Amino acid sequence: MNGVDPGRLNDQQLMKELEAIHRTRHDTLLHGSNDALRVHNVRMAQLEGEYLRRHPRRPVAPGRTREGARERGRAEA
């Protein structure tokens, strides 16, 4: 595994790690080797999984649901 086990990070550290990995995602996808992209995928899944484990009832914006997307599509048509 690369990096600290996400379960050992405090909330502030976890958010910092998530922000960093999301910031580097596009560049890794476009320009990273297959191995770098694989490692990035694994680490991102670990960090996001830990965030979701800690926040199972996080607020979800209505526009970020399937129904919300359908409503947006109808309004734009």
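A few points on the structure. (Residues numbered from 1 in each chain as written. Predicted model: local features only at pLDDT ≥ 70, side-chain atom pairs only at ≥ 80, totals over all residues. Heavy atoms only, no water.)

All right, on to helix α2 (residues 34-54) then. Relative to the 30 Å expected for 21 residues at 1.5 Å per residue, α2 spans 30 Å between its end C-alpha atoms, a close match to the ideal helical length. By the burial criterion, the buried members of α2 are Leu37, His40, Arg43, Met44, Leu47 and Glu50. One side of α2 holds all its buried residues, which, seen down the axis, span an arc of 160 degrees. In α2, the exposed positions that point more than 90 degrees away from the buried face belong to Asn34 and Arg53. (Helix = DSSP H or I, 4+ residues; strand = E, 2+ residues; numbered from the N terminus. Expected span 1.5 Å × (residues − 1). Buried < 20%, exposed > 50% of the residue type's maximum accessible area, 1.4 Å probe, protein only. Arc of directions from axis to C-beta.)

Bringing the packing of helix α1 (residues 11-31) against α2 into the picture now. For the pair α1 and α2, the least separation of the axes is 10 Å and the interaxial angle reads 145 degrees. Note on packing geometry: the crossing formed by α1 with α2 is left-handed. Residues Asp11, Leu14, Met15, Glu17, Leu18, Ile21, His22, Thr24, Arg25, Thr28 and Leu29 of α1 form the contact with α2, whose own contacting residues are Ala36, Leu37, His40, Asn41, Arg43, Met44, Leu47, Glu48, Glu50, Tyr51 and Arg54. Broken down by class, the residue content of the contact of α1 with α2 amounts to 10 nonpolar, five polar and seven charged. (Axes fitted to C-alpha atoms, helices over the stretch in contact; angles between N-to-C directions. Left-handed = near helix turned anticlockwise from the far one by under 90°. Contact = heavy atoms within 4.5 Å. Nonpolar A, V, L, I, M, F, W, Y, C, P; charged D, E, K, R; others polar.)

Turning next to the pattern of salt bridges. Under the criterion given, the structure shown has eight salt bridges. A salt bridge links arginine 70 to glutamate 67; the nearest nitrogen and oxygen atoms lie 3.5 Å apart. One end of the pair, arginine 70, and the other, glutamate 67, are both in helix α3 (residues 66-76), three residues apart, so they sit about a helical turn from each other. For arginine 70, a relative accessible area of 45% translates into the label partly exposed. Bridged by salt links that share partners, the residues Asp11, Glu50, Arg53 and Arg54 form one connected network. (Salt bridge = Lys/Arg side-chain N within 4 Å of Asp/Glu carboxyl O.)

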